[in-house]
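Architecture and fold: a report
Chain residues, written in single-letter form:
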Amino acid sequence: MNAILSAKDSTKDMKRFTLLLPADYKRKFLDLCKSHKITQSDFVEAVLDNIPADQLAPILDEKRQSKVAGRALVTAHKRELMKKLKALSDEDLSKLLELV
């Protein structure tokens with residue numbers, strides 16, 4: 001049996017995925033990996049293995065709430081706009097469409 005594993009054998013249980021980040025976060029992520037001379041996979045593993053879930057949960061909940069709050073605000077504005085449009089007469093709607 002060969003003691004040296006090929007790159008293909010050493011990664012056979014791993015799955016590739018794409019991480020979408022804003023440019024500034026991508027730069028931070030890559031700088032941390034480079035400064036510690038580790039792969040991106042090793043960085044993610046280290047973070048997930050060493051940050052307790054109970055410490056991470058409040059941070060993730062806050063991110064989720066800010067995302068949902070922004071969506072709810074947009075939905076509320078759309079609902080209000082629809083109410084105003086429904087209240088317009090056919091003539092007013094025609095005039096509005098001419099402006100657009």
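Every chain is numbered on its own, with residues counted from 1 as its sequence reads. For a predicted model such as this one, the threshold for reporting local features is a pLDDT of at least 70, and the threshold for listing and counting side-chain atom pairs is 80 or more; totals across whole chains, interfaces and linings nevertheless cover every residue. Working from all heavy atoms in the structure, the side-chain values ignore hydrogens and water.

**Concerning the overall build of the protein**
Which entries qualify depends on this criterion: Working definition: helices are DSSP H or I runs of at least four residues, strands are E runs of at least two. Numbering for both runs from the N terminus. Between buried and exposed lies partly exposed: a residue is buried under 20% and exposed over 50% of the maximum accessible area for its type, with that area taken using a 1.4 Å probe on protein chains only. Shrake-Rupley sampling with a 1.4 Å probe provides the accessible areas, and residues are treated as covered by the protein chains on show and by no other component.
From N to C terminus, the protein includes five helices and zero strands. Listing the helices and strands of the protein from first to last along the sequence gives α-α-α-α-α. The proportion of buried residues among the 100 residues of the protein is 3%. Carbon and sulfur atoms make up 60% of the accessible area of the protein, which totals about 9800 Å².

**Describing the layout of surface pockets**
Counted only if it meets this: Think of a 1 Å grid over just the protein atoms. A cavity is a set of points where a 1.4 Å probe fits yet cannot get out, a pocket is an open set with protein on both sides within 12 Å along at least five of seven lines, and lining residues have an atom within 4 Å of a point. Grid points are joined across faces, edges and corners, and a volume is the space filled by probe spheres set on the points. Charged means Asp, Glu, Lys or Arg here, nonpolar means Ala, Val, Leu, Ile, Met, Phe, Trp, Tyr, Cys or Pro, and polar covers whatever is left, Gly included.
Taken as a whole, the largest pocket encloses approximately 710 Å³ of empty space. Surrounding the largest pocket, 17 residues form its lining, Leu21, Tyr25, Val47, Leu56 and Leu60 being those nearest its centre. Looking at the lining of the largest pocket, the elements with two or more residues in it are α2 (23-35), α3 (40-50) and α4 (53-87). The space that makes up the second largest pocket amounts to roughly 570 Å³. Along the walls of the second largest pocket sit 15 residues, with Lys15, Arg16, Phe17, Gln40 and Ser41 positioned nearest its centre. Among the elements of the structure, α2 and α3 are those that each provide at least two residues to the lining of the second largest pocket. Residue contributions to the lining of the second largest pocket peak at four residues, all from α3. A class-by-class count of the residues in the lining of the second largest pocket yields seven nonpolar, four polar and four charged.

**Some remarks on the confidence of the model for the protein**
Heads up, the rule is: The score called pLDDT rates the predictor's confidence residue by residue, from a low of 0 to a high of 100. Contacts were defined at the residue level, with two residues in contact if any of their heavy atoms lie within 4.5 Å.
Averaged over the protein, the pLDDT score is 84; the fraction of residues at 70 or greater is 89%. Across the protein, the secondary-structure element scoring lowest on mean pLDDT is helix α1 (residues 7-10), at 55, and the one scoring highest is α2, at 96. Long-range and interchain partners of residues 1-7, a stretch whose pLDDT sits below 50, account for zero contacts in this model, where long-range means more than four residues apart.

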